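Geometric and topological summary
The lines below spell out each chain.
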Amino acid sequence: MRQRFVTAVGKFSVFLGKACGPFYIAAIALSVWEVFTRYALDAPTVWTTEVVMALCATAWMISAAAVTQQHRHITVTVMEIVVGHKTWTRMRRVAMAVSLLAVVGLLWANWQPFLRATAHLERSGSAFNPPLPTYLKVMIVFALITYALQILANLLDRKRQTHDHGTGHMDLTVDMKD
Amino acid sequence: MGIEIITLLIIASLFFLMAVGVPLGASTLLVSLTAALLKFGAPGLILVSSNVVHVFEKYTLVAVPFFVFMANILERGGVARELFTSMAILGGRMRGGVAVQTVFVSVILAAMSGIVGGEIVLLGLIALPQMFRLGYDRKLSIGTIAASGSLATLIPPSVVLIVYGSEAGVSVKDLFSAGFLPGFLLAGLYIAYILIRTRLNPALAPAYDAPEAQLPFTQRLRYMTGLILPFILIGGVLGSIYTGVATVTEAAALGATGAVVLAVLRRELTWAGLRDGLWSTTITTGSIVWLVVGAVSLVGIYNLLGGTAFLKGMLTGMDVAPIVVILIMMGIIMLLGTFMDWIAIVFITVPVFAPVVVELGYDPVWFGILFAMNIQIYMLSPPFGPACFYLKSVAPKDVTLQEIFLAVLPFIGLQLIGLTLVLIFPQIALWLPSLSH
Amino acid sequence: QQNLQVQTSTQSGGFSFGYMNDNWTQKLPEMTNGELTVEFLPIGSVMPRNETPDGVAAGVLSGDLTSIAYFSGRNPAFAILGDLIAGYDTPQQVQQFCREGGGAEALQELWNATLPGLIHVVGCGAVSKEALVSTVPIRSIEDLQGLKIRSPEGLAATVFRKAGASPSNIPFAEVFTSLEKGVVDAADASAYVNNDQNGFHQIAPYPLYPGIHSMAVHQFTINKRLWDGLSPEAQAGLEKWYYAAYADLLAALDAEDKSLVERDKADPEIEVIDWAQEDRDAFRAVAVEAWEETAAKSPEASAALDAHLAFMTKIGLLN
Ligand code: NA
Ligand code: NA
């Protein structure tokens, strides 16, 4: 039962992470399009900046769970050398519990703004005027829930904890091959 | 409670959480949530939530995934391998030639790429095995790759300079112009160091035995073709920024598109490669953004508690020469660099330091370059030295992290010399931007 | 003694921030019998610039002294009270509108509708008029036809479009190169002194001064409970202090602008263009359409425009 929860959450997190790719591709394509239409056609748009922003923001938010599933949040791991592997494994569990507390705390902090933003649509106020603030305040709540679930899954994961070691400093690298 | 005590408490709890192994982003978040709750109760949480959501509206950060994606595609596309081969003809039969060639390749890659990581991985895969095979000194080989591979965030385009510019309110274009010469200066120091050491002790670098190097000049010229495509890409990215055709973010998108086109033309990009590249971009960018989220949330509450005013007052109130204040700020950045990611350092220090720099009568563009050079040192220095970690991830198994950290020490010395030169002669940084005004 | 922590809309290195700190922070205790002190915080330093009212409502910030137009996304009424494009001729008129013409009351109504019972409006007003920078001479409304202009903001962009120009949303940091390379012909940038500092006039030598379009209106609000807890003397003193400070800041900024304009008028490379009153009136007539479109978007916006129109008619700007 426990391991089934871990697997299911992990799969969903990876799915969300994979979904980010198309968002980035679209953001890149739109930015290039804007250069073309502004420079070659002399017809700048008022909407690309904010659409690109929304695309990237979505990817950033929903990638939290995948980053967590891959254990790739930037972490200082030098203490492993000092305290030894066994103690470090126990400390990692504490660290996950603390991370969960931080993420749930942030979810709590965003709850009132989320309710307000859904009760009354907030727009950006620009010439294009999309409801970006409301969108972001809704998406962050979704992202934080998936983030918290994945930390919980990592915490409950028996498999990973027994044979996941030796990564050591590798957790620090931000662009390593998986 | 005075702001001094609060500052110490914040630093102590951050240190503790990080040491336990809590990710940097979650550590800073927890500290800011706690501070907000202690000071204002539940209503104070708005300080954290509003600043966190605002991170996702920072248009400057859009350049980050674009550059990361570009680096990922270049890494898979084989452009770098060809570049490295092309540059072999420069070396000829010179002693230390492959190491010098590595620095040249790094500088060209740095002019394409805005982030550190991809380059070191590439050079670690291509140049390091070759140098080992040719019998180069291990430490010299490792140090050369880690140090010159880090130049990507000093030589434009640079994500470090983009983020500094947006936080300090300084023109990114000026920062880019200012980054060129200091970047070349460091590269020059690395080359001089390689040449001097290999002349003094020929055992460090056997003469180059690549067959291409023995070809007649006209045939060697053929190998230069590998340089054409990278230079088109560099011209496209930097050219579009300097002609005003594109904004910095749009230029990053142009670069990413160019890298894809290049890889497709060379028939080296598969669907699987593209998917991998996107996945890697997602994870890397995600880990960076969620770190920024934490750092930014802490800055807001700290400002309200009077922290920034306190630090500013301390820095400007000191009875010392202004340059000493600059040195102290450099020291703080260096200290933070031993345990914190660069982007968190930018978001925490720049809002305090930039106004102080202006108040002291210095150019914030110059300070931005000093900042970026400091980040060069941060990339190499233990215990948190990202460049060393990147290299470790692709180096042959028998290369240990300890060996890498020892190997980069002389190069940190060279970076300190470069930093000192720019500190004493600001014109090294400011001359190029002054031409455009 | 109560210390007011107020987030502003200016950078810590900016002229206004320094001027207020050097000349007006120490006057507040004098004017409120030592009951109040004030601490100005730079833009975005505690909260994002468009979220300060929520901070003030929560009591986390004591108040804000900031551009009303930042809140345009919450209700179009904030766009109308925040910057009535091409509406007034001088910032003095706007201060008069706020203080005596029902402006502050209209803003209070708007906040009562947005965050009921949480925000008290102490006052509002503009301190300077934005000057337009241009690479081509713009002498009248006809010259706006087909002009490529940087104008990121909602109402301003609408007005320029109605006047026949083609507005685009380019970040402020890109204005210089965009003008230099002809990506845009003109830019809605900032006050004359700031445009001068950014070197815009070197590449766009036809500045419009006094400007024709934009005048950002600032609000000074504080937390309602905090306000209710003050003595009537402190309340009156705070209000008096704010309007005195803003009138003085206006004069200081005006002097800065004027001395630069005098210098540039003597410069053969730069032509400072000043629109005739009938051209300004013609531009205002075009703008009225855009005001009315925006006002139609919400009842609060409509009420806000009515407040403006009543005052403008009274002082003879409209008939
Ligand atoms: Na670079
Ligand atoms: Na370091």
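Residues numbered from 1 in each chain as written. Chains lettered and ligands numbered in written order. Predicted model: local features only at pLDDT ≥ 70, side-chain atom pairs only at ≥ 80, totals over all residues. Heavy atoms only, no water.

1. Things to note about the interface of chain A and chain C
- Across the contact, 16 residues belong to chain A and 15 residues belong to chain C.
- Between chain A and chain C lies a buried interface of about 1,200 Å² when both sides are counted; carbon and sulfur atoms form 50% of it.
- The three residues of chain A that bury the most area against chain C are A:Pro44, A:Val46 and A:Ala127, which together make up 28% of that side's buried surface.
- Linking chain A to chain C there are two salt bridges.
- Of the charged contacts, one joins C:Asp54 and A:Arg116 as a salt bridge, the two residues approaching to 3.7 Å between their closest N and O atoms.
- Where chain A packs against chain C, one counts three residue pairs in polar contact (both at pLDDT 80 or more).
- Partitioned by chemical class, the residues of the side of chain A that touches chain C number four nonpolar, six polar and six charged. (Contact = heavy atoms within 4.5 Å. Buried area = accessible area lost by both parts, 1.4 Å probe. Salt bridge = Lys/Arg side-chain N within 4 Å of Asp/Glu carboxyl O. Polar contact = N/O pair within 3.5 Å; in protein donor to acceptor, adjacent residues only side chain to side chain. Nonpolar A, V, L, I, M, F, W, Y, C, P; charged D, E, K, R; others polar.)

2. Concerning the interface of chain B and chain A
- With 66 residues of chain B at the interface, the matching set in chain A holds 63 residues.
- Here chain B and chain A share an interface that buries about 5,700 Å² over both sides, 78% of which is from carbon and sulfur atoms.
- A per-residue breakdown of the area chain B buries against chain A is headed by B:Phe56, B:Trp279 and B:Trp290, which together make up 14% of the total.
- Counting the contacts that link chain B with chain A gives one salt bridge.
- B:Glu250 is paired through a salt bridge with A:Arg38; the nearest N and O atoms lie 2.8 Å apart.
- Summed over the shared surface of chain B and chain A, the number is five residue pairs in polar contact (both at pLDDT 80 or more).
- For the side of chain B that touches chain A, the secondary-structure elements that each account for two or more residues are α1 (3-20), α2 (24-40), α3 (45-55), α4 (63-77), α13 (248-265), α14 (271-304) and α19 (386-394) of chain B.
- Per-element tally for the side of chain B that touches chain A: the top contributor is α14(B), with 13 residues.
- Counted by class, the side of chain B that touches chain A contains 46 nonpolar, 13 polar and seven charged residues. (Helix = DSSP H or I, 4+ residues; strand = E, 2+ residues; numbered from the N terminus.)

3. Some thoughts on the coordination of the sodium ion (ligand 1)
- Taken together, B:Ala110 (O), B:Ser113 (O), B:Ala152 (O), B:Ile155 (O) and B:Pro157 (O) make up the protein donors of the sodium ion (ligand 1), found 2.2 to 2.3 Å from the metal.
- In the primary sequence, the donor residues of the sodium ion (ligand 1) line up as A-x2-S-x38-A-x2-I-x1-P. (Donors = N, O, S within 2.8 Å, 3.2 Å for Na, K, Ca; no water.)

4. Quick look at the nonpolar core
- Within the largest apolar cluster, 312 residues are counted, with the highest numbers of intra-cluster contacts made by B:Phe56, B:Trp342, B:Phe367, B:Phe371, C:Leu238 and C:Phe283.
- The leading source of residues in this core is α14(B), at 14 residues.
- Sequence-distant contacts of B:Trp342, that is, excluding residues within four places in its chain, are made with B:Val159, B:Val160, B:Val163, B:Ile375, B:Tyr378 and B:Met379. (Core = buried A, V, L, I, M, F, W, Y, C linked by side-chain atoms within 4.5 Å. Buried < 20%, exposed > 50% of the residue type's maximum accessible area, 1.4 Å probe, protein only.)

5. Remarks on the packing of aromatic side chains
- Scanning all chains against the criterion turns up 29 aromatic pairs over all chains.
- Consider the rings of B:Phe180 and B:Phe184, whose centres lie 6.0 Å apart with planes at 45 degrees: the pair is tilted. Residue B:Phe180 and its partner B:Phe184 are both found in helix α10 (residues 172-200); the two are separated by four residues, about one turn of the helix.
- On the basis of relative accessibility, which here comes to 40%, the residue B:Phe184 falls in the partly exposed class.
- Ring plane angle 80 degrees and centroid distance 5.9 Å describe the contact between C:Phe71 and C:Phe78, whose orientation is recorded as edge-to-face. (Phe/Tyr/Trp six-rings, centres within 6.5 Å; stacked < 30°, edge-to-face > 60°.)

6. Regarding the sheet that holds strand β3 (residues 63-67) of chain C
All names here are of chain C.
- The strand order across the open sheet built from five strands is β2-β1-β3-β9-β4, with neighbouring strands paired in mixed fashion. Since the sheet does not close on itself, it has two edges, and those belong to β2 (36-41) and β4 (119-126), each with one partner. Taking the axes of each pair of neighbouring strands and ignoring which way they run, one obtains an average angle of 20 degrees across the sheet.
- The sheet contact formed by strand β1 (residues 2-8) and β2 spans six bridges and is parallel. Among the inter-strand pairings, Gln7 is bridged to a residue of β2, identified as Leu41.
- Docked against the sheet, helix α1 (residues 15-23) engages β1, β2 and β3, running at close to 160 degrees with respect to β2.
- Relative to β4, helix α5 (residues 91-99) is tilted by about 155 degrees, and along the sheet it contacts β4 and β9 (217-223). (Pairing = 2+ DSSP bridges. Axes fitted to C-alpha atoms, helices over the stretch in contact; angles between N-to-C directions.)

7. Remarks on the pairing of β3(C)
Residues and elements named next belong to chain C.
- Burial within β3 is extensive, with five of its five residues counted as buried.
- Where β1 meets β3, three bridges bridge the pair, whose relative direction is parallel. Counterpart to Gln7 in the pairing with β3 is Asp64.

8. Examining a nonpolar patch on the surface
Residues and elements named next belong to chain B.
- Together, Val320, Ile323, Val324, Leu327, Ile328 and Ile332 make up a nonpolar patch on the protein surface, roughly 390 Å² of accessible area in all.
- Structurally, Val324 can be placed in helix α16 (residues 322-336).
- The exposure class assigned to Val324 is partly exposed, which follows from its relative accessible area of 31%. (Patch = residues over 30% accessible without salt bridge, like charges linked within 9 Å, V, L, I, M, F, W, Y side chains within 5 Å. Areas by Shrake-Rupley, 256 points an atom, 1.4 Å probe, with all protein chains shown as cover.)

9. Concerning the packing of helix α18 (residues 364-380) of chain B against α19(B)
Residues and elements named next belong to chain B.
- In the contact formed by α18 and α19, the axes pass within 4 Å of each other and the chain directions differ by 45 degrees. Classed by the angle they form, the pair α18 and α19 counts as oblique. Judged by residue contacts, Tyr378, Met379 and Leu380 of α18 engage Pro386, Ala387 and Cys388 from α19.
- For the contact of α18 with α19, the residue count by class is six nonpolar, no polar and no charged. (Parallel < 35°, antiparallel > 145°, perpendicular 65-115°, else oblique.)

10. Considerations on α10(B)
Residues and elements named next belong to chain B.
- In this model, α10 (29 residues) spans 42 Å end to end at C-alpha, consistent with the 42 Å of a helix rising 1.5 Å per residue.
- Its maximal kink placed at Gly179, α10 deviates by approximately 25 degrees, while the proline Pro182 follows within four residues.
- The opening residue of α10 is Ser171, an N-cap whose side-chain oxygen sits 3.2 Å from the backbone nitrogen of Lys173. (Expected span 1.5 Å × (residues − 1). Bend = angle between axes of the 7 residues up to and from the residue.)

11. Here's the deal with the pattern of salt bridges
- For the coordinates displayed, the defined rule picks out 21 salt bridges over all chains.
- One salt bridge connects C:Arg284 with C:Asp89, and the closest N-O pair in it is separated by 2.9 Å. Here C:Asp89 lies in the loop between α4 (76-82) and α5 and C:Arg284 lies in helix α13 (residues 277-295), a separation of 195 residues in the sequence. Judged on exposure class, the residue C:Arg284 and its partner C:Asp89 are both buried.
- Between C:Asp274 and C:Arg280 there is a salt bridge; the shortest N-O distance is 3.0 Å.
- What makes C:Asp274 exposed here is its relative accessible area of 52%.
- Classification of C:Arg280 as buried rests on a relative accessible area of 10%.
- Connected through salt bridges with shared partners, the residues A:Glu34, A:Arg38 and B:Glu250 form a single ionic network.

12. Concerning the environment of C:Pro42
- Within the secondary structure, C:Pro42 is located in the loop between β2 and α3 (52-58).
- Each C-alpha atom of the pair C:Pro42 and C:Phe17 lies 7.7 Å from the other, and the pair is 25 residues apart in sequence.

13. Quick word on unusual backbone geometry
- Going from B:Pro156 to B:Pro157, the amide bond is cis rather than trans, its omega being -5 degrees.
- For the peptide bond that leads from C:Tyr209 to C:Pro210, omega is -10 degrees, which places it in the cis range.
- Note that C:Pro210 resides in the loop between α10 (200-203) and β9.
- Even without being a glycine, B:Arg267 presents a positive backbone phi close to 55 degrees.
- Tracing the backbone through its elements, the reader meets B:Arg267 in the loop between α13 and α14.
- Even without being a glycine, C:Ala86 presents a positive backbone phi close to 65 degrees.
- Here C:Ala86 shows up in the loop between α4 and α5.

Functional significance is not addressed by these values, which are geometric in nature.
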